[in-house]
Amino acid sequence: MAPTSDLNKDEQSLRDSVVFNSSKNEIFNNSKGLKGLAKKIRSKWKLVTNKDEITPEKLNAVQLFVSVGPRDKFSSQEIKSLTAYLESGGSVMIMLGEGGDVKFDTNVNTFLREYGINIKSDSVVRTVYFKYFHPKEALIANGVLNRAINVAAGFTFSEETSSYLGSSLQYLYPYGATLTADKPATAVLSTGSVALPLNRPTLAIYSHPTSGGKLVALGSPHMFSDGYLEKEHNGRLVDLLLGWLTNENPLELNPIDAEDPEVTDYYLVPSTDKLACELKVSLHESEEVSQDFTSLFKDVLYNVDTNLLPEVYKAYDDLQVKREPISLISPSFEAPFPRLQPVVIPPRFLELPPPGLELFDLDEHFSAEASRLAQITNRCTEDDLEFYVRQCGGVLGISHNLPESRRDAKHILEYVFNKIVEFKKLNQ
């Protein structure tokens, strides 16, 4: 652990609790959706829920501050309190989901941008189906950006094959967003090559150079919830992060991977749906426009005069038409109406009911005894034993040999037992 300048050892020893914030209408907390995570923390630390305003006094005895999916905005004073808490050696863990600040109506990025982190307003979607049906439940198998994460998670690196023995850390990233991680923060996990956007950060960490304060920003609040905590290697990952945030297990990142992580640039794609609804210009080729703009001005005057009247009069004489104003010919429309017919609706008489016939089960009367017994056996379960014995007695004709008051399962089995005993006596 790095030496601290703002906190002495006595002050550090007072930090014995982990706080789950609920003052910003978080979607998950230690009593709702994060019971598995709270159980892991409760075994070593005192667990506290904060429902009031975040102040420096409430953060004095806190080792780790956790906010999972806040849906209200932090005040400027609360952001200053978190910043001072982090710079004094405290640890902060922020999780936000798909849509970012816009969907959650919060301003978490205002605090994260001070450390080079920004949670985007997008969504991570897996391109092909594997194990999990929903495309937003993205299983990422090659998303580790820093090899120190694999080593800390228990995967051994082989120098001979330049790979990890067995497998590397893979995690389930449900309903999450991507991040932007610039210096001084470091991206340690990404979406890999099978989820869109490709190779974009999903988890970023920051460590204060002097006080040792730590920050973890994750783009999915569901990743460590009760429904996904034990999926894939999510449990190993949360143990790793909690150990680092609470100063129990140090994490030394690989300097080469930290300096140049394998992430791609964030490309914005135009909205085809919105552009298709916009007004479009003509696609016809136009004439080439002259480079000399002075030639585009037209200096020829246009006028209206009677110069063409002689030619018009000559055209009247040639066509032998009188020189008079043309009269309007009123049109005549022929639209005869169809022959009227009275609307008559024939009466509807009730049909005679079908003749009353008795219902017969043909299988019951014509099928063999073995088939009827098989049907009853397939239809009944162990709870239907009484019904099963009585039905079998009726099929085999045993019930007809018993009086009405003795046709239950007990007397049917008694009758069968007596017949078996009599049959055994004949063989003796």
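Scroll up to find the structure this text is about.
In this text the structure is predicted, and so the values were computed from the model without any measurement. (Residues numbered from 1 in each chain as written. Predicted model: local features only at pLDDT ≥ 70, side-chain atom pairs only at ≥ 80, totals over all residues. Heavy atoms only, no water.)

Chemist: Honestly, the overall build of the chain in this entry has me stumped. Any pointers?
Modeler: Along its length, the chain carries 15 helices and 15 strands. In the chain, buried positions account for 37% of the 428 residues. A fraction of 67% describes how many contacts in the chain between residues 6 or more apart in sequence connect residues 24 or more apart. Carbon and sulfur atoms make up 56% of the accessible area of the chain, which totals about 28900 Å². (Helix = DSSP H or I, 4+ residues; strand = E, 2+ residues; numbered from the N terminus. Buried < 20%, exposed > 50% of the residue type's maximum accessible area, 1.4 Å probe, protein only. Contact = heavy atoms within 4.5 Å. Areas by Shrake-Rupley, 256 points an atom, 1.4 Å probe, with all protein chains shown as cover.)

Chemist: Looking at this structure, I do not really get the side chain of Ser-91. What am I missing?
Modeler: Looking at the secondary structure, you find Ser-91 in strand β4 (residues 91–95). In this structure Ser-91 comes out as buried when scored by relative accessible area, which is 1%. The residues contacting Ser-91, other than those within four sequence positions of it, are Gln-63, Leu-64, Phe-65, Tyr-85, Lys-214 and Leu-245.

Chemist: Looking at this structure, how should I read the nonpolar core?
Modeler: A general trend in soluble globular proteins is that nonpolar side chains are found buried together. Grouped together as the largest cluster of nonpolar side chains are 70 residues, with contacts concentrated most on Met-93, Phe-111, Leu-112, Leu-215 and Phe-224. Sorting elements by how many residues they give to this core places helix α8 (residues 234–245) first, with seven residues. Those residues in contact with Leu-215 that lie beyond four places of it in its chain are Leu-86, Val-92, Phe-111, Leu-112, Tyr-115, Ile-117, Ala-204, Ile-205, Tyr-206 and Trp-244. (Core = buried A, V, L, I, M, F, W, Y, C linked by side-chain atoms within 4.5 Å.)

Chemist: I'm lost on the packing of aromatic side chains in this one. Help?
Modeler: In this description, a pair of aromatic rings is defined by centroid distance and the angle of the planes. Taken as a whole and judged by the stated rule, the model has four aromatic pairs. Ring geometry for Tyr-115 and Tyr-206: centres 4.8 Å apart, planes at 40 degrees, overall tilted. Taken as a pair, Tyr-115 in the loop between α6 (108–112) and β5 (117–119) and Tyr-206 in strand β14 (residues 201–207) lie far apart in primary sequence, 91 residues in all. One exposure class covers both Tyr-115 and Tyr-206, and it is buried. Centroid distance Tyr-171 to Tyr-173: 6.1 Å. Interplanar angle 90 degrees. Geometry classified as edge-to-face. Per residue, the accessibility class of Tyr-171 equals that of Tyr-173, and both read buried. An aromatic cluster is built from Phe-111, Tyr-115 and Tyr-206, whose rings are joined through pairwise contacts. In this arrangement the basic side chain of Lys-24 is found over the ring face of Phe-74, its NZ or CZ atom lying 5.5 Å from the centre. For Lys-214, the ring lying beneath its charged end belongs to Trp-244, and the centroid distance is 5.6 Å. (Phe/Tyr/Trp six-rings, centres within 6.5 Å; stacked < 30°, edge-to-face > 60°. Lys NZ or Arg CZ within 6 Å of the ring centre and 35° of its normal.)

Chemist: Just checking my understanding: could you explain the sheet that holds strand β15 (residues 214–218) for this structure?
Modeler: Judged by pairing direction, the sheet is mixed, and its seven strands sit side by side in the order β2-β1-β3-β4-β15-β14-β12 without closing on themselves. Bordering the open sheet on either side are β2 (46–50) and β12 (186–190), each of which pairs with just one other strand. Geometrically, the sheet is characterised by an average inter-axis angle of 15 degrees between neighbouring strands, direction not taken into account. Note: strand β1 (residues 17–21) against strand β3 (residues 62–68), four bridges, orientation parallel. (Pairing = 2+ DSSP bridges. Axes fitted to C-alpha atoms, helices over the stretch in contact; angles between N-to-C directions.)

Chemist: I would appreciate a short explanation of the pairing of β12 in the present structure.
Modeler: Put simply, side chains in a regular strand alternate between the two faces of the sheet. Counting buried positions along β12 yields five of five residues, so the element is predominantly enclosed. As judged from the four bridges shared by β12 and β14, these two strands associate in the antiparallel manner. Directly across from Thr-186, in β14, lies its bridge partner Ile-205.

Chemist: What should I look at first to understand the pairing of β14 in this one?
Modeler: Here β14 lies mainly inside the structure; six of its seven residues are buried. Alignment of β14 against β15, held across five bridges, turns out to be antiparallel. Paired with Tyr-206 across the bridge in β15 is Leu-215. Between the antiparallel neighbours β14 and β15 lie six residues, among them Gly-212 with a positive phi of about 85 degrees.

Chemist: Which parts of the structure should I look at to understand empty space enclosed by the protein?
Modeler: The probe, sized like a water molecule, is rolled over the atoms to show the empty space still left. Counted under the stated rule, the structure contains one cavity of 30 Å³ or more. Lining of the largest cavity is provided by Phe-74, Ile-79, Leu-82, Ile-94, Val-108 and Phe-111. Listed by contribution, the elements that provide at least two residues to the lining of the largest cavity are α4 (76–87) and α6. Partitioning the lining of the largest cavity into residue classes produces six nonpolar, no polar and no charged. (1 Å grid on protein atoms, 1.4 Å probe; cavity = no way out; pocket = protein on both sides within 12 Å on 5 of 7 lines; lining within 4 Å. Points joined across faces, edges and corners; volume = space filled by probe spheres on them. Nonpolar A, V, L, I, M, F, W, Y, C, P; charged D, E, K, R; others polar.)

Chemist: What's the story with α8 in this structure? I'm lost.
Modeler: One full turn of an α-helix is made of 3.6 residues, so residues set three or four places apart face in the same direction. With twelve residues, α8 should cover 16 Å at 1.5 Å per step; its first-to-last C-alpha distance of 16 Å lies within 8% of that length. Counting buried residues in α8 gives ten out of twelve residues, a clear majority hidden from the surface. Within α8 the residues assigned to the buried category are Asn-234, Gly-235, Leu-237, Val-238, Leu-240, Leu-241, Leu-242, Gly-243, Trp-244 and Leu-245. Immediately beyond the C-terminal end of α8, within one or two residues, lies Asn-247, with a positive phi of roughly 65 degrees. (Expected span 1.5 Å × (residues − 1).)

Chemist: I keep staring at unusual backbone geometry and nothing clicks. Help me out?
Modeler: Negative phi characterises most residues that are not glycine, and trans characterises most peptide bonds. Look at the link from Lys-183 to Pro-184: it is a cis peptide, with omega at 10 degrees. With respect to the helices and strands, the residue Pro-184 is situated in the loop between β11 (179–181) and β12. A cis geometry characterises the amide bond from Leu-196 onward to Pro-197, with omega recorded as -5 degrees. As for its placement among the helices and strands, Pro-197 is situated in the loop between β13 (195–196) and β14. The backbone of Asn-25 sits at a positive phi, close to 55 degrees, despite the residue not being glycine.

Chemist: Just checking my understanding: could you explain a nonpolar patch on the surface for this structure?
Modeler: The grouping of Val-289, Phe-293, Leu-296 and Phe-297 at the surface amounts to a nonpolar patch, some 480 Å² of accessible area in total. Residue placement: Val-289 occurs in the loop between α10 (272–276) and α11 (309–319). Judged by its relative accessible area of 60%, Val-289 is exposed. (Patch = residues over 30% accessible without salt bridge, like charges linked within 9 Å, V, L, I, M, F, W, Y side chains within 5 Å. Salt bridge = Lys/Arg side-chain N within 4 Å of Asp/Glu carboxyl O.)

Chemist: How should the environment of Phe-20 be read in this particular structure?
Modeler: If you trace the backbone, Phe-20 turns up in strand β1. Owing to a relative accessible area of 1%, Phe-20 belongs among the buried residues under this scheme. C-alpha separation for the pair Phe-20 and Ser-31, spaced eleven residues apart in sequence, amounts to 9.5 Å. Apart from the residues lying within four places of it in its own chain, the contact partners of Phe-20 are Asn-29, Asn-30, Leu-34, Leu-37, Ile-41, Leu-47, Val-48, Thr-49, Asn-50 and Val-66.

The values are spatial; any link to function lies outside them.
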